[in-house]
Amino acid sequence: RVVVAHDAPTEADAFAQVVLRYKPGAAAALAEGLALAISGGKGASLAKFESETGVSAAQLLEAAAVLKGSAAPLVTSSGILNFKGGLEAVKSTQLC
């Protein structure tokens, strides 16, 4: 099962169960929102991330349902570190 989170289309979108297309520069906020969704956050607590990331609470919950309890690895490239908030995004995934 695959969740793709990126600010632009990727080749992996074609086989992903959920695609989270976030606003450029919002990787850290998206990772924080996804971590909250995985840990049981609900719509109201997730709503604040929608304006910042462009990803709805429903999409975060859908992705969390795919990832929750999964032993699937998080795969990214070092390119994430080039984005504003990239390092924070990587660090926030350690909460999952």
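Residues numbered from 1 in each chain as written. Predicted model: local features only at pLDDT ≥ 70, side-chain atom pairs only at ≥ 80, totals over all residues. Heavy atoms only, no water.

Chemist: Help me understand the packing of helix α1 (residues 27-38) against helix α2 (residues 43-53), please; the structure alone is not making it clear to me.
Modeler: Working note: a packed helix pair is described by the angle between its axes plus the distance between those axes. Where α1 contacts α2, the two axes come as close as 10 Å, and the packing angle between them is 160 degrees. By the angle between their axes, α1 is roughly antiparallel relative to α2. Seen from above, α1 lies across α2 with left-handed handedness. Contacts between α1 and α2 involve A29, L30, E32, G33, L36 and A37 from the former and S45, L46, F49, E52 and T53 from the latter. (Axes fitted to C-alpha atoms, helices over the stretch in contact; angles between N-to-C directions. Helix = DSSP H or I, 4+ residues; strand = E, 2+ residues; numbered from the N terminus. Parallel < 35°, antiparallel > 145°, perpendicular 65-115°, else oblique. Left-handed = near helix turned anticlockwise from the far one by under 90°. Contact = heavy atoms within 4.5 Å.)

Chemist: Any chance you could explain the nonpolar core here in plain terms?
Modeler: Generally speaking, a soluble globular protein has its nonpolar side chains buried in company with each other. With 18 residues, the main nonpolar core has L20, Y22, L30, V55 and L60 as its most contacted residues. Looking at this core, the elements with two or more residues in it are β2 (18-21), α1, α2 and α3 (57-67). The element contributing the most residues to this core is α1, with six residues. (Core = buried A, V, L, I, M, F, W, Y, C linked by side-chain atoms within 4.5 Å. Buried < 20%, exposed > 50% of the residue type's maximum accessible area, 1.4 Å probe, protein only.)

Chemist: What am I meant to see in the environment of H6 here?
Modeler: Assignment of secondary structure puts H6 in strand β1 (residues 3-6). The class of H6 is partly exposed, set by a relative accessible area of 26%. For the pair H6 and Y22, spaced 16 residues apart in sequence, the C-alpha separation works out to 6.2 Å. Excluding its chain neighbours within four sequence positions, the residues that come into contact with H6 are L20, R21 and Y22. There is a polar contact of 3.0 Å between the side chain of H6 and the backbone nitrogen of A8. (Polar contact = N/O pair within 3.5 Å; in protein donor to acceptor, adjacent residues only side chain to side chain.)

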